[in-house]
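# Working through the structure, step by step
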Amino acid sequence: MRQVAILGVGMTKFGISEKTNLEMFAEAGLDAITQSNIEPKDIEALYFGNCLGGFEEGQLHMAPFAHSELGLPVAAPATRFEAACATATVATRHAALLVGAGVYDVVLAGGTERATTMGTPLATRTFAMASQAQYECPAGITFPGVFAMAAHMYANKYGIPLKELKRHMAGVAVKNHYHGSMNPKAHFQKEIDVETVLGGMMVADPLQLFDCCPFSDGAAAVVVAEAGRAKDLVKKPIYFAGMGQASAGPLNLQQDLTRIRAREASISQAYSESGLGPDDIDVVELHDCFTIAEILALESFRFYDFGKAYDAATRGETALKGKIVINPSGGLKSKGHPIGATGAAQLTEIVEQLRGESGPRQVEGARVGLVDTLGGDFGTVCNIILRS
Amino acid sequence: MEYKLTFDQYQQGLEQEEFSGLQCNACNTLTFPPLGVCRNCGGADLKVTRISGNGTLRTFTVIRVAPEGMKPPYVVAMVELEEGAWVTGNLVGIDPDEADMSLIEKKVKLGSQVVKGDTYSAGDSRVVTFSLIE
C-alpha cells in the first residue's frame, strides 16, 4: 500500500441551517480543496456521505449533484456512502484504501446532513430505521433507547449504583460542552453543569436531554491524497497511520452492550496496522452520541479497563490538559451531529489538532490522533489513526 | 438456498403463540429470531424448532421520546431465552413509570402483540412481548 495523507479539510458551522444539503457540502468541499492548494478538476473521485436526504429534502442520489456543485470532472465518479452515523468515516476510509492501492491519487471524501428539517418525531423515526426493521423497530426502539439499555446494563454488570453512574455520565456532557464552548463551529457553545444535565427531561431512562447529542445540520469534507504529492502541495500533510472497520448485526446478537464487538475488532485492526497502541494516542475524537457512549468507547480503546472509565470525565482525565484528551471539538454532544457529516468533522478536528491550529482548545504537542465513529446500534464502527 | 424460516412464517407462529426458531444440526445452537444461517457457526443446516418462551430480562429502557406514530411511555427490553438466544421486545403488564433496575434478572414469559405499520414499514407486524413471572 502507498502512504496516504490528508491535504486539506473543511466544515461548515454545525447547528440549524437554512442552507440545503448540497450548499453546505459545497462550502465544506471547496474549503477542503482550497486548503489543499488544488482545484476541483484535480479531484479523481468523490466519496460522498448522506443518510437521510430522502426524508430531509426528498433527495436521493445526491452524490452526482454534490459533484456538480463542486465542478468536479465528469470522469470523476461520485458515490454515495451510507453507514448511519459512521457514514463519512467509512467514505474516507474507502478513499484512503483506493488511494493507497494506487487507483486514484486525489479523492474528496466527506458528507452532509440536514436533519433539522424533519422535526423531532420524524427524525426519531428515521434515525431508528438504522435498527433492524423486522425484529427491532416494531418494539419502538430509538437511538437514545439503545444507549439507555447499554447504560442500565453497565450499571448492573459493574455494580455501580445508577445514581452514581448518572452523575459521572453528566460529567461527560459537562466536559464536552466545556470543549465546545471554545469551538466557533459547534452547535452549542455554552458551558453547562452537572445539575443542568440531571435536571433535563427524560428521553429514554436513564438518559436525559443533556445526555444526548442534538439533531444538527452541517457538512464536512477532507482531501485524501498520495503522500508523495501531499508534500509538494501543503506544508503539513497529516498521514493515515492505520484504519479499521467492523460490522455487527442486530442487538439481540450483540447481547452484552457494554462490550462493542464491532469497535473492539475495528480498533484492533487500526492499532495493528499503525503499530501503535493506546499509550501512543495524544488526542481522540470519539462517538459520544450519548454520554454513556463515550465511557464505553474509552474502554474499547483500552485507555481504561472494562468497568473503570465511568468516572474518567469527573476526574478531569479526559478534558484538555488531562491524561488523554477526548473530544476537544466538543464531540457530537456539543459540536453537534449531522450524521452523514460527523466522521469528516471528527477528522477535521484531528487534522487541525495535529497541525497545531486548534487555538484555545489545542492539545499541546499532539502528534497522533484517533477518530472513532459508530453507526447504528453498534452495527458499524470505523476507526482512523492519523499522525503528523 | 431457500430461506428456512421467513419473517412471514415467524410472524404466523407468533400469532398462534408459537415461538419458532432455528436449531443448528451441526452445533445445536438456537437462532431466534431467525437468520439465514446459524448465529454461532454460520452453518446452513438448520431445522425449525419450537422454543420454550421463557427467559431472563437483561436490560431495559423506558422510551419517553418516541418515533413518529408510537405512543410513549413504553418499555423496551432485551431478554436472554432459556435456550441461550437473546431477543428484543416490549415489557408489558407494568406501569412504565415503575420500571427500575430491579427488573434486571427477573424471569419473563414471551408473548406478542400487533404493531400497526406506518408509511415507511412493510405493514402491520407482531412484536415479541415479555411479561414478568410472579
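Since this is a predicted model, take the numbers as computed values, not measurements.

Counting from both sides, the interface comprises 33 residues of chain A and, opposite them, 31 residues of chain B. Counting only elements with at least two residues in the side of chain A that touches chain B, the list comes to helix H5 (119-128), helix H6 (143-158), strand E5 (202-204) and helix H10 (251-254) of chain A. Considering every element that reaches the side of chain A that touches chain B, the biggest residue donor is H6 of chain A, with eight residues.

Whenever strands of a sheet pair, they do so through backbone hydrogen bonds, lying parallel or antiparallel. Residue and element names in this part refer to chain A. One open sheet accounts for 10 strands, arranged E3-E2-E4-E7-E1-E8-E12-E11-E9-E10; its pairing is mixed. Looking at the sheet topology across the chains shown, the edges are occupied by strand E3 (78-81) and strand E10 (325-326). Strands in contact with helix H14 (residues 342-355) are strand E1 (4-11), strand E4 (106-114), strand E7 (217-226), strand E8 (238-247), strand E9 (283-285), strand E11 (368-375) and strand E12 (380-387); relative to E11, the strand with the most contacts, it is inclined by about 170°.

Residues and elements named next belong to chain B. Domain annotation of chain B identifies domain 1 (7-50) and domain 2 (54-132). Domain 1 and domain 2 are separated by 20 Å when their C-alpha centres are compared. At the interface, nine residues of domain 1 touch nine residues of domain 2. Looking at the side of domain 1 that touches domain 2, the elements with two or more residues in it are helix H1 (7-15) and strand E2 (30-31). Taken together, the residues of the side of domain 1 that touches domain 2 break down into five nonpolar, three polar and one charged.

Further remarks concern the packing of H6 of chain A against helix H12 (residues 291-300) of chain A. Residue and element names in this part refer to chain A. For the pair H6 and H12, interaxial distance at closest approach is 9 Å and the crossing angle is 60°. With respect to H12, the element H6 is oriented oblique. The two elements H6 and H12 meet at a crossing, and its hand is left-handed. Counting all contacts with H6, which are made through Phe 147, Ala 150, Ala 151 and Tyr 154, the residues of H12 involved are Ile 292, Ala 293 and Leu 296. Looking at the contact of H6 with H12, its residues break down into seven nonpolar, no polar and no charged.

Moving on to H6 of chain A. Residues and elements named next belong to chain A. Spanning 16 residues, H6 covers 23 Å between terminal C-alpha atoms, matching the ideal 22 Å at 1.5 Å per step. Burial runs high along H6: 13 of the 16 residues are buried. Of the residues trailing H6, Gly 159 is marked for its positive phi of about 65°.

Residues and elements named next belong to chain B. Spatially, E2-E1-E3 is the arrangement adopted by the three strands of the open sheet, whose pairing is antiparallel. A single partner strand is all that each edge strand has here, and the edge strands are E2 and strand E3 (46-50). Across five bridges, strand E1 (residues 20-24) lies against E3 in antiparallel orientation. Residue pairing across strands places Gln 23 opposite Lys 47, the latter belonging to E3.

This part is about the nonpolar core. Residues and elements named next belong to chain A. The biggest cluster of nonpolar side chains holds 171 residues, and the ones touching the most others in it are Phe 147, Val 223 and Val 224. With 10 residues, the single largest contributor to this core is H6. If sequence neighbours within four positions are ignored, Phe 147 has contacts with Leu 207, Cys 289, Phe 290, Ile 292 and Ala 293.

Another aspect to go through is unusual backbone geometry. Cis geometry marks the peptide bond from Phe 32 of chain B to Pro 33 of chain B, where omega comes out at -10°. As for its placement among the helices and strands, Pro 33 of chain B is situated in the loop between E2 and E3. Positive phi, normally seen in glycine, also occurs at Gln 255 of chain A, with a value near 60°. Relative to the elements of secondary structure, Gln 255 of chain A occurs in the loop between H10 and helix H11 (261-274). At Arg 302 of chain A, a residue that is not glycine, the phi angle is positive and equals roughly 65°. By the secondary structure assignment, Arg 302 of chain A is in the loop between H12 and E10. Among the residues examined, Arg 302 of chain A registers 15 C-beta atoms within 10 Å and is labelled partly exposed.

All names here are of chain A. Splitting chain A by domain gives domain 1 (4-119 + 216-239) and domain 2 (131-213 + 241-387). Using C-alpha coordinates to define each centre, domain 1 is positioned 23 Å away from domain 2. Taken residue by residue, the interface counts 36 residues in domain 1 and 36 residues in domain 2. Within the residue set of the side of domain 1 that touches domain 2, elements represented by two or more residues are E1, helix H4 (87-100), E4, E7 and E8. With seven residues, H4 is the largest single contributor of residues to the side of domain 1 that touches domain 2. Residue composition of the side of domain 1 that touches domain 2, grouped by class: 20 nonpolar, 11 polar and five charged.

So, how was this worked out
- Residues numbered from 1 in each chain as written.
- Chains lettered and ligands numbered in written order.
- Predicted model: local features only at pLDDT ≥ 70, side-chain atom pairs only at ≥ 80, totals over all residues.
- Contact = placed C-beta atoms within 7 Å.
- Helix = DSSP H or I, 4+ residues; strand = E, 2+ residues; numbered from the N terminus.
- Pairing = 2+ DSSP bridges.
- Axes fitted to C-alpha atoms, helices over the stretch in contact; angles between N-to-C directions.
- Domains from an automatic or database assignment.
- Nonpolar A, V, L, I, M, F, W, Y, C, P; charged D, E, K, R; others polar.
- Parallel < 35°, antiparallel > 145°, perpendicular 65-115°, else oblique.
- Left-handed = near helix turned anticlockwise from the far one by under 90°.
- Expected span 1.5 Å × (residues − 1).
- Buried ≥ 20, exposed ≤ 12 C-beta atoms within 10 Å, placed from the backbone.
- Core = buried A, V, L, I, M, F, W, Y, C linked by C-beta atoms within 7 Å.

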